[in-house]
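# Chain and residue survey
Below are the chains, spelled out letter by letter.
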Amino acid sequence: MATLDLKLGGPQTVPEAADDGVWLTCIECGETFAPFDDVRYTCDDCDGLLEARYADAPTFDDFEGRGVWRYSEALPFDEGVTLPEGDTPLHYVPDLEDDIGVRNLRIKHEGMNPTGSFKDRGMTVGVRVAQEVGVDRLACASTGNTSAALSAYGARANLETLVLLPAGKVAAGKVAQASLHGARILEVDGNFDSCLDIVQDLASRGEAYLLNSLNPFRLEGQKTIGFEILERFYEDEGRFPDRIVLPVGNAGNTAALYKAFRELVRSGALAPGDVPKLTGVQAEGAAPMVEAIEEGREDTRRWDEVETRATAIRIGNPVNAPKALPGIRNTGGTAVAVSDERITEAQRDLAEQGVGVEPASAASVAGLRKLRLSGEVDPGEDVVCLTTGHLLKDPEAAAEAGADPEPVPNDTDKVLKHLQGKRVSLDGDGLLGKVLGYVR
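Residues numbered from 1 in each chain as written. Predicted model: local features only at pLDDT ≥ 70, side-chain atom pairs only at ≥ 80, totals over all residues. Heavy atoms only, no water.

Further remarks concern helix α14 (residues 412-421). Taking burial as the measure, the ten residues of α14 include one buried ones, a minor fraction of the element. Its side-chain oxygen 3.0 Å from the backbone nitrogen of D413, D411 forms the N-cap of α14. (Buried < 20%, exposed > 50% of the residue type's maximum accessible area, 1.4 Å probe, protein only. Helix = DSSP H or I, 4+ residues; strand = E, 2+ residues; numbered from the N terminus. Polar contact = N/O pair within 3.5 Å; in protein donor to acceptor, adjacent residues only side chain to side chain.)

Spelled out as structure tokens, the structure:
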């Protein structure tokens, strides 16, 4: 394992800018800012990314209750705009565990949040901060899940919500959520990164409060995924997992989990040697983080052309790369790209274990399998794969990945005859035939 560098950096004493023990610090130059006296997403001095900091680092003994706000001692408020969220399952998948060949494999299913993705964890905190700074319009760019979450939490807070989506590139189920929750939906003739450019411009003009993961407070909610994984895995196994494998789009979760672990190390609640290796997975058609890891670069190169059926991670310019790349490197992790075909296979593998996820979520399992085959992951490892969105987020992709319906007559005896004579469709041109052909 690489030497762990888990210091939070910045001032070790509480700066004058702090408000009740909370402040913002630039990860590049170390400048500090008051958290709520102004709307701020990046450093005034160097435009570096900001990180929320606290006078007191949390311990496991500080946590009580359930859901995201169980971890209020590690968050800027005691409670946020809540539906509620968090407290998602850590599934056992014994057949998949045996097939991949690791000591323990667990699936952290974030699709079980209120709007069906991990984004709810960020919004419960982020929308609460929006109330604190007194804005009246929320906005985000989205590949789908962010728009659904922001629309729901914005509705709950009675705030106007604006979402910008890349035209024709967002799963219908996600657009439907934003629409039903009353958001204004603008379809942009461009990709996700173009949408984010516009939202950032709107935010800089004071026209909206940005709630993409560039917003440091959104990541505060998302770091609770890390707390939950550590607590639940330790409760079940008596130890912490060796590795957490997660899909990477904007790299917010990678950055957030790294921050959660650093805070626990700072308080003494987690030994540096017990920090899980953060391992990122991207689709081959949208893999700037993998490229940066492989080439040893400090930041990513923007990919202007990205394409993958895993729409939630179809992102070519991950804004949280400066936070996430150190998280991967300093925990001894790595990053890997997988094909769309392997993502779909992993989606089916999870479904066979009763865990239904959207394509991007399955990238974590596809990446683990690839790393296990290459020998990067050891057979004795305890691994948690993060799945970020529910199967019904993209029902069209689920239908394409699943078995074809079998037409039968409107007669019970003929249905039984069909079942006895043709247990599965072996039509080589059908989707199920292709699956069976692959298995063979």
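Don't stop here, the text continues.
Right, let's get into the sheet that holds strand β5 (residues 104-109). Backbone hydrogen bonds hold the strands of a sheet together, and the pairing may be parallel or antiparallel. The sheet built from six strands is open, its strands ordered β4-β5-β13-β10-β11-β12 with mixed pairing. Here the strands that pair on one side only, and so sit at the sheet edges, are β4 (90-92) and β12 (335-338). Averaged over all adjacent pairs, the angle separating strand axes in this sheet is 25°, with direction ignored. Sheet analysis places strand β10 (residues 243-247) next to strand β13 (residues 382-387), joined by three bridges and oriented parallel. (Pairing = 2+ DSSP bridges. Axes fitted to C-alpha atoms, helices over the stretch in contact; angles between N-to-C directions.)

In this section: the nonpolar core. Ranked by internal contacts, the top residues of the largest apolar core, which has 51 residues, are V127, V129, L138, Y209 and F217. For this core, the elements supplying multiple residues, two or more each, are β1 (22-26), β3 (50-54), α2 (119-133), β6 (137-141), α3 (145-156), β7 (160-166), α5 (192-204) and β9 (209-210). No other element matches the six residues that α2 contributes to this core. Setting aside chain neighbours within four positions, we find F217 in contact with L24, P35, F36, A52, P76, V125, V129 and Y209. In this structure, A346, V357, A362 and A366 belong to the second largest nonpolar core, which totals 29 residues. (Core = buried A, V, L, I, M, F, W, Y, C linked by side-chain atoms within 4.5 Å. Contact = heavy atoms within 4.5 Å.)

A few words on the packing of aromatic side chains. To describe a pair of aromatic rings, you give the distance between the ring centres and the angle between the ring planes. Overall, the coordinates contain nine aromatic pairs when judged by the stated rule. Taken together, a centroid distance of 5.1 Å and an interplanar angle of 25° make the contact between F36 and F77 stacked. One end of the pair, F36, is in the loop between β2 (32-33) and β3; the other, F77, is in the loop between β3 and β4, and 41 residues separate them in sequence. The same class applies to F36 as to F77, namely buried. (Phe/Tyr/Trp six-rings, centres within 6.5 Å; stacked < 30°, edge-to-face > 60°.)

Bringing the environment of A255 into the picture now. As for its position among the elements, A255 is in helix α8 (residues 252-267). On a C-alpha basis, the gap between A255 and F60 in space is 20 Å, while along the polypeptide they are 195 residues apart.

What follows covers the pattern of salt bridges. In total, this model carries 35 salt bridges according to the counting rule given. Between D197 and R302 there is a salt bridge, with the nearest N and O atoms lying 3.2 Å from each other. Of this pair, D197 sits in helix α5 while R302 sits in the loop between α9 (288-295) and α10 (321-330); the two residues are 105 residues apart in sequence, bridging distant segments of the chain. Linking E263 and K259 is a salt bridge whose minimum nitrogen-to-oxygen distance equals 2.5 Å. On the criterion of helical spacing, the pair formed by E263 and K259 is a turn pair, its members being four residues apart in helix α8. For the residue pair E263 and K259, the accessibility class agrees, reading buried in each case. (Salt bridge = Lys/Arg side-chain N within 4 Å of Asp/Glu carboxyl O.)

Take the sheet that holds β3 next. Taken in spatial order, the three strands make up an open sheet running β2-β1-β3, and their pairing is antiparallel. For this open sheet the edge positions go to β2 and β3, each flanked by a neighbour on one side alone. With two bridges joining them, β1 and β2 adopt antiparallel strand pairing. Bridging from a neighbouring strand, T25 pairs with T32 of β2.

Negative charge collects at one region of the surface, where D19, D20, D56, D61, D62, E64, E73, D78 and E79 lie side by side. On the secondary structure map, E73 appears in the loop between β3 and β4. By relative accessible area, E73 is classed as partly exposed at 46%. (Patch = residues over 30% accessible without salt bridge, like charges linked within 9 Å, V, L, I, M, F, W, Y side chains within 5 Å. Areas by Shrake-Rupley, 256 points an atom, 1.4 Å probe, with all protein chains shown as cover. Lys, Arg positive; Asp, Glu negative; His and termini not counted. Charge placed at Lys NZ, Arg CZ, Asp CG, Glu CD.)

Interpretation in functional terms is not warranted from these geometric data alone.
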